[in-house]
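Examination of the molecular architecture
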Amino acid sequence: MEISQVIIRKLEMTMKQPFTTSFGTMQNRKFLVIEVVDELGNRGWGEGVAFEIPWYTEETRETSLHILQDFLIPMLKGKTIQHPDEINEIFKTIRKNNMAKAAIECAVWDCWAKRKNLSLTKALAGGKSEIEVGISIGLQKDFDTLTNRIEQSLLSGFKRIKVKIKPGNDIELLKQIRTRFPNVPLMADANSAYTLEDIELLKGFDQFNLMMIEQPLASDDIVDHAKLQKELKTPICLDESILSAEDARKAIELGSCGIINIKIGRVGGLTEAKRIHDICQKNGIPVWCGGMLEAGIGRAHNIALTALPNFSLPGDTAGSSSYWERDIIFPEVIVEKGLIPVPTSNGIGFEVDIEELNRHTTDIKKIKF
Ligand code: OSB
Ligand code: MG
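This write-up is about the structure you can find in this document. Every chain's residues receive numbers from 1 upward, in the order its sequence appears when written. Here chains are named by letter from A upward and ligands by number from 1 upward, in the order in which they appear as written. Given that this is a predicted model, residues contribute local features only at a pLDDT of at least 70 and side-chain atom pairs are listed and counted only at 80 or more, while totals for whole chains, interfaces and linings are drawn from all residues. Side-chain metrics rest on all non-hydrogen atoms present in the structure, leaving aside hydrogens and water.

**Concerning the coordination of the magnesium ion (ligand 2)**
In this listing, donors mean N, O and S atoms no farther than 2.8 Å from the metal, or 3.2 Å for Na, K and Ca; water is missing from the atoms, so a site can look incomplete. For the magnesium ion (ligand 2), the full set of protein donor atoms is Asp189 (OD), Glu214 (OE) and Asp239 (OD), at a range of 2.1 to 2.3 Å. All donors of the magnesium ion (ligand 2) belong to a single chain; written as a sequence motif, their spacing is D-x24-E-x24-D. Taken together, the residues span a long stretch of sequence, with aspartate 189 in strand E7 (residues 186-189) and glutamate 214 in strand E8 (residues 213-214) at a distance of 25 residues. Any residue under 20% of the maximum accessible area for its type is buried, any over 50% is exposed, and the rest in between are partly exposed; the area is computed with a 1.4 Å probe on protein chains only. In this structure aspartate 189 comes out as buried when scored by relative accessible area, which is 1%. A helix here means a DSSP run of H or I that spans at least four residues, while a strand means a run of E at least two residues long, and both kinds are numbered starting from the N terminus.

**Comments concerning the pattern of salt bridges**
The salt bridge definition used is simple: a Lys or Arg side-chain nitrogen within 4 Å of an Asp or Glu carboxyl oxygen. Using the criterion set out here, one finds 28 salt bridges in the structure. Between arginine 115 and glutamate 39 there is a salt bridge whose closest N-O contact spans 3.0 Å. Note that arginine 115 is positioned in helix H3 (residues 98-115) and glutamate 39 in the loop between strand E2 (24-38) and strand E3 (43-48), a separation of 76 residues in sequence. By relative accessible area, which is 26% here, arginine 115 ends up partly exposed. Residue glutamate 39 is classed as partly exposed on the basis of its relative accessible area of 40%. Between arginine 249 and glutamate 253 there is a salt bridge, with its nearest N and O atoms 2.8 Å apart. Linking arginine 249 with glutamate 253, this pair stays in helix H9 (residues 245-254), spanning 4 residues, or about one helical turn.

**Section: unusual backbone geometry**
The general pattern is negative phi for most residues beyond glycine and trans for most peptide bonds. Looking along the chain, the bond that leaves phenylalanine 330 and enters proline 331 is cis, with omega of -10°. With a phi close to 55°, asparagine 117 is a non-glycine residue in the positive phi region. Along the chain, asparagine 117 turns up in the loop between H3 and helix H4 (120-123). A positive phi is found at alanine 125, a non-glycine position, where the angle reads about 70°. With respect to the helices and strands, alanine 125 occurs in the loop between H4 and strand E4 (130-132).

See the structure below:
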């Protein structure tokens with residue numbers, strides 16, 4: 001396969017509700033959509049999931065754009081690709097910038113799968129016909145609002161509830177949730193809001209029978225997480241700290257976590273995501289697919305990846321309607337009883353709604369090789 005054209009779109013979509021984490025609030029989602037065209041006219045799609053502000057990782061949409069245009073896309077010029085795993089190798093000399101890499105790598109995977117008449121799931125060697133999903137609920141203005149959100153989510157059938165916590169909005173919040181919902185599969189995500197100085201407070205989380213606590217400590221740490229994990233009964237799930245399969249290996253070796261959240265963007269693409277999946281599987285560490293408040297293209301990639309067997313815990317891939325009035329794919333992603341069917345048609349298995357895509361496009365660049 002040879003890539004003959006890459007089209008970069010900047011999109012802006014407003015989420016139905018603002019989403020608040022310990023690092024800030026997002027509602028106007030600005031992201032990239034990458035389209036690749038091969039020499040036979042097959043098309044593949046990828047989503048650039050970096051936020052506008054570098055608070056989750058150091059990348060932003062603008063840095064992604066720069067890295068894509070000035071480095072990654074030119075590296076594909078004139079290359080013959082036998083398999084999408086080669087993209088990871090081609091990009092090896094460029095450090096990090098994982099969301100930029102993933103955006104185009106995902107598009108190449110989709111294009112290659114379509115060319116081979118394979119669903120993306122099949123191309124990745126995933127076998128599930130449906131995936132289990134939970135929902136991630138941001139920090140809310142008060143407990144009543146949060147209770148309503150949890151109730152609605154349970155009625156919709158989500159398999160587990162994830163809530164965001166931050167210092168001052170933790171023990172009491174979890175206590176109230178547990179009083180109201182004693183048996184709900186529940187987890188909490190701190191997005192790196194604590195340090196080891198908070199160890200006594202963090203030990204207090206053990207009383208709530210949480211499935212896991214996600215990324216309590218620094219985004220670049222696996223040493224303190226290992227110390228913390230030794231003191232906690234609740235498994236730690238690493239998110240921000242795991243950027244590669246090597247990171248996963250080291251975290252497992254140190255005992256820094258019991259679970260890993262895999263986000264395709266954060267780890268630089270589907271090939272690396274699969275490697276992390278495999279290494280975790282070998283070591284008895286369950287994984288689940290995280291989310292980046294994606295529109296439909298990113299969501300479709302998440303679904304295909306989650307069909308791999310060691311994605312044995314419900315992920316954050318809620319349906320399109322949890323985020324958007326109208327998504328940019330059809331059909332939209334629909335969650336029923338906490339399940340999403342894995343598409344069997346070629347590539348990502350969803351059509352891009354070009355009209356809707358154009359409606360949200362603020363800029364478009366075409367790069368022809
Ligand atoms: O830490 O998983 C996270 C959203 C934005 C940034 C980081 C995170 C999240 C979520 C929501 O938890 C995931 C989603 O619903 O897409
Ligand atoms: Mg997280």
